[in-house]
Each structure stands twice: as C-alpha cells, then as structure tokens.
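The chain contents come next:
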Amino acid sequence: MRSTSLLAKAAVVGLIALAPVAFTGAPANAATTVPISAPGGYASDPSSTPAASKHTRALGAAVTIPAGQTHYLSSKLNVDAAAQVTEVSHLVYCRRPGQTTNAAQLVSGQNVLAGTATTLLTRGFVTAPADSALTCAVYAQFVNHAANTAGHLTVLGSSYLQDVYGPIAAVKQTFNGKVLVNTSATANAVTFTAPAGATTVQAIGDLNITVCYGADNGLCQRSAGARMSGSNSLVGTQLVVNQLDGSGHVCHTTTNGPLAGVTVTSTVHHFKINTWLTNVPVLASCARTFVAYTRVTANTAHNSFLIEANNQSVGAVFVP
C-alpha cells in the first residue's frame, strides 16, 4: 500500500521556507476570479522523492486578506495530459508581506489518471492576524506514482483562486483529524450560532479520503477492522445541518440530498469530495444554534478508507 501520509507530508512541507511568488496587479476584489499566472507543463517528481525534497510549484493568483478579517477562499486547479498516474497536491498558502513561511494554508490532493482532465477544488476560511494582512496564492506538488522517474503533466490556465464574498460576518470552521472508516463516521462537526438578523446560513463539508489497500500501514490495519483486499472503496457522504431548539434538541434538519456514493479505486487512491449548502433557513421557531457535520459511510463489500487530516478535510457554517 502506498503511504497514506503523502498528502499530509505535502502540507508539512509547505511550512518550510519556499521561494516567494512574484505577484503582479492589484489584489482581487470580492467574488473576483484571479487566474493563476503560471500555467503550462510541469515535471512530476519520481515516486521515491522524500517529502522534504518534493518540488513546490508556485502557480500564482494573488488574493490579499486585510489585517483582522476573515475571508472565504476557493481555488480550482485544473490539470490534464498527465503522462503517468500522478499525485497532485493542491495548496493555498497564505503569508505575511515579505515572508516565505505560511501563516495559514488550505490543502487538497488526489491521484490524477494518465491523460485524464481533472479538477481539484480547495476551499476554506482564512483569518489574517490583527497586525498584518495575508497574501494567499496557489501552489502545487506533483509526484509520479507509476515509476521512480520524473513524469509530466499540464496545469491549465483556467485554474484560479477566488475571494468569494470579501469580509465574512460570522463563521465557525473545523478541520477533521485522520480517521479510519470501516462502516460509518461523523466528520467535520461544527457548532455555529447565527448572528442576530441573519435569515439564512451556508455550510460546506469537504473530505479528502484515501483508499486502504495492500499491506497494513498506519491506520489501515486489519487488526483495526480495515478491509484492504479489494480494488476500491465505495464512499457515501451527506452534508447535514441541524438547527437546534432551546433545549439543544434537533428542531429542523437540512441536507444536501440523500446519501450519495462514489467509488474510489486504489489507483486513484487519494480523492476529494466537496459538499455544500447555500440557503439554510434560520427558523424563528427554533433557537439560533446550528450543528453541521458530514455523514460518512463505507460500504462493507468494498475496502475501508481514511479521512485525511492536515487541513485536507474541512467543515464550516457561516454567514457572508
């Protein structure tokens, strides 16, 4: 089994000093899509490349968050023409002016099949410190999973970073820890109180999952009940937002639809699942407290899987 910590290591590597991105133009306004500035062909690192030696590619797209503000950032990384199965880590790094270490980061990743156009969505909320603005941009790492030689893929110019709303009025965000899922789990649980005057709230629930297969490794252990003999996992997800009553009981439930399943093969291995709700009513007959979570299931006829940590699996409830 390939290491399930590859993408987690990518997140850690992001904390190492990196060459700064050269930005041009003014910072993005709210809801303005900022295309990346460095599309084109990129080499991927050989499969045995240590985490600290992976090349971190600066793709550009500058968004500035003023000091003390919280903004909702959303980035799409579009890739194609991979010559081999390639692990793609999609990274949004936020830094103080003149610094090369990360003050905040949002991370996603999955394996991209050869010759297959793929979109990775990375998003979440970033708060700038009270004493400094943060400039956020898109980075990536590419690793050839087919052989211990350099590979190749293309980053498309349609990739971008967006400041979705500008300053956010209120938000509660959580990053899930790493969890082995053999049957079911509750991920990205967050409690949020809607501010006075808000009539609706929004929610996101994103998971990065890794298929368990092959030999025991990390949390994917047969002694822990992990199923690893098949060729794929069938992952079920449903975003649930409960509005509570004054006693803390569920008063009203909104979901993004029925439980939805997606098959993730051991070749794809790492995979991102994004869910969201944009118009959840704040009912006057209930209290103003919400509890949101992602309901996660593993079909027992298929392999177990991991919910990945390190800012890869995120949930939030917010009011723009």
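Going by the structure above, here's the rest.
Residues numbered from 1 in each chain as written. Predicted model: local features only at pLDDT ≥ 70, side-chain atom pairs only at ≥ 80, totals over all residues. Heavy atoms only, no water.

Asker: Can you explain the nonpolar core? Please cite residues and give values.
Answerer: Core analysis: the largest hydrophobic core is formed by 28 residues, its most contacted members being Leu-59, Leu-73, Cys-94, Val-126, Cys-136, Val-155 and Leu-161. Among the elements of the structure, strand S3 (57-65), strand S4 (70-80), strand S5 (86-95), strand S6 (104-112), strand S7 (118-127), strand S8 (134-144) and strand S9 (151-155) are those that each provide at least two residues to this core. Ranked by the residues each element gives to this core, the list is headed by S8, at five residues. In this view, Leu-161 contacts Thr-32, Thr-33, Val-34, Ala-61, Val-63, Leu-73, Ser-74, Ser-75, Val-92, Cys-136, Ala-137 and Val-138; residues no more than four positions away in its chain are not counted. Counting residues in each nonpolar core, the second largest holds 16 residues, with Phe-192, Ala-194, Val-201 and Val-241 among its members. (Core = buried A, V, L, I, M, F, W, Y, C linked by side-chain atoms within 4.5 Å. Buried < 20%, exposed > 50% of the residue type's maximum accessible area, 1.4 Å probe, protein only. Helix = DSSP H or I, 4+ residues; strand = E, 2+ residues; numbered from the N terminus. Contact = heavy atoms within 4.5 Å.)

Asker: How would you sum up the pattern of salt bridges? Please name residues and give values.
Answerer: Counting across every chain of the model gives five salt bridges. A salt bridge links Lys-54 to Glu-87; its shortest N-O distance comes to 3.8 Å. Of the two residues, Lys-54 is situated in the loop between strand S2 (40-44) and S3 and Glu-87 in strand S5; the sequence distance between them amounts to 33 residues. With relative accessibility at 1%, the residue Glu-87 sits in the buried group. A salt bridge links Asp-206 to Arg-123; the shortest N-O distance between them is 2.8 Å. Of this pair, Asp-206 sits in strand S14 (residues 200-211) while Arg-123 is found in strand S7, placing the two residues 83 residues apart along the sequence. Neither Asp-206 nor Arg-123 differs from the other in exposure class; each is buried. (Salt bridge = Lys/Arg side-chain N within 4 Å of Asp/Glu carboxyl O.)

Asker: Tell me about the state of the cysteines, residues and numbers included.
Answerer: Every disulfide links exactly two cysteines, by a covalent bond between their sulfur atoms. According to the stated counting rule, one finds three disulfides in the structure shown. Between the sulfur atoms of Cys-212 and its disulfide mate Cys-220 the distance is 1.9 Å. Looking along the S-S bond of the Cys-212-Cys-220 disulfide, the torsion reads about -60°, which is the left-handed sense. When sorted by exposure, Cys-212 lands in the same class as Cys-220, which is buried. Here Cys-251 is linked by a disulfide to Cys-286, with a sulfur-sulfur distance of 2.0 Å. Measuring handedness by torsion sign, the sulfur bridge of Cys-251 and Cys-286 sits at about -75° and is left-handed. (Disulfide = S-S within 2.5 Å.)

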